[in-house]
2 protein chains.
Amino acid sequence: MDRLGSLLSLWLPLLLLLCFSTSISSAVYHPHKIPRLSPIRRTNLRDPDDTLTKASRSEDFKSYFYEQTLDHFNYNPKSYTKFNQSYVINSKFWGGAKSNSPIFAYLGAEAPLAGDIETIGFLPDNAPRFKALLVYIEHRFYGNSVPHGSMEKAMKNKAIRGYFNSAQALADYAEVLMHVKHKFSAKNAPIIVVGGSYGGMLASWFRLKYPHIALGALASSAPVLYFDDITPQNGYDSIVTKDFKEESEHCYETIRKSWSEIDEVASKSNGLSILSKRFKTCAPLSSPSELADYLASMFTTAAQYNAPPMYPVAELCSGIDKAPEGTDILGRIFAGVVSFRKDESCYDVLENTIPSETDIGWQWQTCSEMVMPMGHGSNDTIFPSSPFNLPDFIKGCKSSYGVSPRPHWITTYYGGHDIKLIFQRFGSNIIFSNGLKDPYSSAGVRENLSDSLLAVYTAKGSHCLDILAAQKSDPSWLVAQRKLEVEIIDGWIKQYYADLEIFFFKNKN
Amino acid sequence: MDRLGSLLSLWLPLLLLLCFSTSISSAVYHPHKIPRLSPIRRTNLRDPDDTLTKASRSEDFKSYFYEQTLDHFNYNPKSYTKFNQSYVINSKFWGGAKSNSPIFAYLGAEAPLAGDIETIGFLPDNAPRFKALLVYIEHRFYGNSVPHGSMEKAMKNKAIRGYFNSAQALADYAEVLMHVKHKFSAKNAPIIVVGGSYGGMLASWFRLKYPHIALGALASSAPVLYFDDITPQNGYDSIVTKDFKEESEHCYETIRKSWSEIDEVASKSNGLSILSKRFKTCAPLSSPSELADYLASMFTTAAQYNAPPMYPVAELCSGIDKAPEGTDILGRIFAGVVSFRKDESCYDVLENTIPSETDIGWQWQTCSEMVMPMGHGSNDTIFPSSPFNLPDFIKGCKSSYGVSPRPHWITTYYGGHDIKLIFQRFGSNIIFSNGLKDPYSSAGVRENLSDSLLAVYTAKGSHCLDILAAQKSDPSWLVAQRKLEVEIIDGWIKQYYADLEIFFFKNKN
């Protein structure tokens, strides 16, 4: 148990913070070694025929580059280095600067922008109603916005990758948005920024740091409280646990017991070969942790992206629970794999050993400033014990990158402690949306902080669900959540234009 | 006229942004050449016997150093360089963490901290009432807080001086204040930040960017709107003009006409020698601009620091107006010099050619981010025409430092445009205090932005007057201004402690 636990502990702090993607890689890897991955391809999660509107069509999106400043906080001639930052505009619905229309801006997160344009349907879905201009901005160092050639090259350059952080990214967004306003002669058009997961943090922080640029923010599934000790370490895994337990007590018990079973079988002389056979691995297992990581990643991914209409947790548990009577624990777990991953000739436990941009980038980000202490004790979750150990984490990052993480910087720069006390009388116009089945909701803002810093959540929702494209099959609670969010944003925009009229009137007179 | 005008134009954008100091250097110099200075020593401005309280005694202040991060926004191993930042604590009045007491933090500006500790009496004057802990923090690159040996050495190092900017300085303050809270076990003690002039901008920006660290800000004489085109270029000089005109129409007319007189005399074959004699210059003048700069600096300094009980504008005009009948314009101007500077054997027009730290530092700051377009047309002020020319300014900075200023960065990062429209529904707890005789009040916030973003000004006040030590001779309007400010701050603190009680109660239950 201990052995597996300690192995699992290595990847837990690096759980992926991505909204949906057609290819979800779950970033299960050792932070201190070469990344090991167990990505899960889930192209079947969103059915294109199920899309409600046809608002989002690729031919409506036009790509641009902004000549971006590499370092916004330094006046060394070298820091004047520029790089091309990609942003994409959809002006199909734009009512023009004089039509009281807003700009909806999607703030890119830890992935190339292309995938998000496909999936973040909230913007095009609501563009016709608001006559909104849509802007999607890529996060520095991802996709086409890499300062120094390829991402691989940039990440090997110590001096360059130092600029790969959230404060610089927010300043990028500020510059691009002011540029877009200028380009569209839309000085007074209000901007609503939208982001999910890490991008949701960026959206909320952007409204707080740049209120003169963004009128409001929709921060979907943003675990802004997963820093320092604000959220208990086991917040994430407790919700994974709860998700499975609520789905089926039997399923939960089976998973919980499986880790020691794996350990036990592995400890036999031909144990790994037995496990390889029982789990139909494409290549023979070389350690029990390969299997454990693969399974743990599957369970957390199912919980995090437990979206309708498939509800992968139910799918997985149905495999486990409905296995023929007499099937043992590992047999049931394997039935879960088959139910979740569908029937395959073999299961590639180590598939995609080439890390994705997200894997590479997010590992850097967590090893520099985005230190989110995630772990758990021995019996408080579905997983074996795996406490977060900050000194070990720092040591690992130092040996990988030569720099120590700054674990308290996020709360120094953005706050987070006593959030209600601080923000009940400061700031405005942020929606913190969450789905309570999403393990990251454990570190989300789940109560209203003030009249306009609002928590909008659903009991059944999963990660970033509200900002994905509306689908015909969406359940009523999801439709209602999106409707509420749109009404709140509509209120901000109406109030802004009323304020603007008075402002102009007073300035004229 | 044109000649003098263009010479004067060179120093106008660099007018000094300092609260009172026993030695005021007016930073009259060419931004593009080696600094030329015309400092004015005014040790007589504040009379120590006139001090109202004895709260501020040097033995109560203890000096410390904080190991500060050179670059807060970069994770390059090199940026982990540390430097010692000086801060000073007075805990004489501190009621302790459990006494509902606040921390008053003075945010250093473009000068060594030592001078401010002597003069910024607002903190010790009010410490007994609030049982406040007092913290004064030095601004990076000044005084004892220079990252790379001496300031001279640091400023010659292109890589090091790049970190000399406001965003880095605010992050410094954030770290030091969190450190001080920790040191005094005062996690929940509210912090009120106080600053004057440039330091006042920092105080208001600090509350906006770090609301989780500062509960409120007193931003005295902070020209936060002197960026881009928010304030007319001639705002500063228009108020200098108004100050003199309101003091005496005759004085104003005399000064206004003097520039062409200087030009005319200088154009004669022995003109410079005549001028040198008439103005009793210690060394012969080598150009009329030496004299003009000296005089212009005297007029602006008198206006900016037009404090009771002396009221230097009145002092100066009394010299000009009361000169014997028949005295010509230049004779009257000289009488003004004598009245303002007192009777000297000669007047050192080029005194202090060694630039002060403030001169060196502020020139860099204005040539990087603090671009404040100050100038005026041909007949709109007391001075000859001298419009601000951004391309020339940029060219000069580029040739001095090898970098272009970023003239729009301040409004990008902190805002400023349409300030009422933006901040009427965002932020809280800032007092923008101004004295309307202060030329910088032209770019101050002079109307309430919301219920707690407040403009507190006096018609007769000058630069930073409210945060200087209270004196027995203070006029009633100044006493009233300070009283109002203290009441507002008291309200913030009381509300905070009421909020805190509810917060604790809810978190316990």
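Because the structure is a prediction, the values reported are computed rather than measured.

(A) Expanded view of the overall build of chain A. Check the secondary structure of chain A and you find 18 helices and 10 strands. Going through the 509 residues of chain A one by one, you find that 64% of them count as buried. Relative to all contacts within chain A whose residues are 6 or more apart in sequence, the contacts with residues 24 or more apart total 73%. Of the roughly 18200 Å² of accessible surface on chain A, 53% is carried by carbon and sulfur atoms.

(B) Region of interest: helix α13 (residues 329-341) of chain B. Residues and elements named next belong to chain B. The terminal C-alpha atoms of α13 lie 18 Å apart, and with 13 residues this matches the ideal 18 Å at 1.5 Å per residue to within 8%. Extensive coverage of α13 is indicated by the burial of 10 of its 13 residues. Here α13 has its buried residues at Leu330, Gly331, Arg332, Ile333, Phe334, Gly336, Val337, Ser339, Phe340 and Arg341. Positive backbone phi, at 70°, marks lysine 342, one or two positions downstream of α13.

(C) Region of interest: the domain arrangement of chain A. All names here are of chain A. Here the domain parsing of chain A yields domain 1 (61-228 + 412-508) and domain 2 (233-389 + 398-403). With 35 residues of domain 1 in contact, the opposing surface of domain 2 contributes 30 residues. Together domain 1 and domain 2 conceal approximately 2800 Å² of surface at their shared face, both sides included; 62% is due to carbon and sulfur atoms. It is Tyr226, Lys437 and Pro439 that lose the most area in domain 1 upon contact with domain 2, and together they represent 24% of the buried surface on that side. There are one salt bridge connecting domain 1 and domain 2. At the junction of domain 1 and domain 2, the tally comes to 16 residue pairs in polar contact (both at pLDDT 80 or more). Listed by contribution, the elements that provide at least two residues to the side of domain 1 that touches domain 2 are α4 (151-156), α5 (158-161) and α7 (198-209). Counting residues per element, the side of domain 1 that touches domain 2 draws most heavily on α7, which supplies three residues. A per-class count over the side of domain 1 that touches domain 2 returns 19 nonpolar, 10 polar and six charged.

(D) Seen up close, the relation of the copies chain A and chain B. Relative to chain B, chain A is turned by 180° and slid 0.0 Å along the rotation axis, the superposed coordinates differing by an RMSD of 0.1 Å. Such a combination of rotation and displacement between the chain copies is what one expects of a two-fold axis. Of the C-alpha atoms belonging to chain A, the one lying closest to the rotation axis is found on glycine 427 of chain A, 2.5 Å away. Both copies present the same face, since 100% of the interface residues in chain A are matched by interface residues at the equivalent positions in chain B.

(E) Representation of the packing of helix α8 (residues 235-247) of chain B against helix α12 (residues 312-321) of chain B in the model. Residue and element names in this part refer to chain B. Viewed as axis vectors pointing N to C, α8 and α12 meet at an angle of 60°, and their least axial separation amounts to 10 Å. Relative to α12, the element α8 is oriented oblique. Pair α8 / α12 crosses with right-handed handedness. The residues of α12 that touch α8, namely those facing Asp243, Phe244 and Glu247, are Val313, Ala314, Leu316 and Cys317. Among the residues making up the contact of α8 with α12, the classes are represented as five nonpolar, no polar and two charged.

(F) Spotlight on the state of the cysteines. Tallied over the entire structure, the rule returns six disulfides over all chains. The disulfide that involves cysteine 282 of chain A links it to cysteine 346 of chain A, with 2.0 Å between the sulfurs. Between cysteine 282 of chain A and cysteine 346 of chain A the sulfur-sulfur dihedral comes to about 95°; the bridge is accordingly right-handed. Highlighted residues: cysteine 282 of chain A in the loop between α10 (271-278) and α11 (288-304) and cysteine 346 of chain A in the loop between α13 (329-341) and α14 (357-368), separated in sequence by 64 residues. Judged by its relative accessible area of 39%, cysteine 282 of chain A is partly exposed. Exposure remark for cysteine 346 of chain A: the relative accessible area of 28% places this residue in the partly exposed category. The disulfide partner of cysteine 251 of chain B is cysteine 317 of chain B, and the gap between their sulfur atoms is 2.1 Å.

(G) Main features of the environment of threonine 301 of chain B. Residue and element names in this part refer to chain B. Along the polypeptide, threonine 301 turns up in helix α11 (residues 288-304). Note on threonine 301: relative accessible area 5%, which makes it buried. With 137 residues separating them in the primary sequence, threonine 301 and aspartate 438 have C-alpha atoms 9.7 Å apart.

Cut-off values and rules
- Residues numbered from 1 in each chain as written.
- Chains lettered and ligands numbered in written order.
- Predicted model: local features only at pLDDT ≥ 70, side-chain atom pairs only at ≥ 80, totals over all residues.
- Heavy atoms only, no water.
- Helix = DSSP H or I, 4+ residues; strand = E, 2+ residues; numbered from the N terminus.
- Buried < 20%, exposed > 50% of the residue type's maximum accessible area, 1.4 Å probe, protein only.
- Contact = heavy atoms within 4.5 Å.
- Areas by Shrake-Rupley, 256 points an atom, 1.4 Å probe, with all protein chains shown as cover.
- Expected span 1.5 Å × (residues − 1).
- Domains from an automatic or database assignment.
- Buried area = accessible area lost by both parts, 1.4 Å probe.
- Salt bridge = Lys/Arg side-chain N within 4 Å of Asp/Glu carboxyl O.
- Polar contact = N/O pair within 3.5 Å; in protein donor to acceptor, adjacent residues only side chain to side chain.
- Nonpolar A, V, L, I, M, F, W, Y, C, P; charged D, E, K, R; others polar.
- Least-squares fit on C-alpha atoms with pLDDT ≥ 70 in both.
- Axes fitted to C-alpha atoms, helices over the stretch in contact; angles between N-to-C directions.
- Parallel < 35°, antiparallel > 145°, perpendicular 65-115°, else oblique.
- Left-handed = near helix turned anticlockwise from the far one by under 90°.
- Disulfide = S-S within 2.5 Å.

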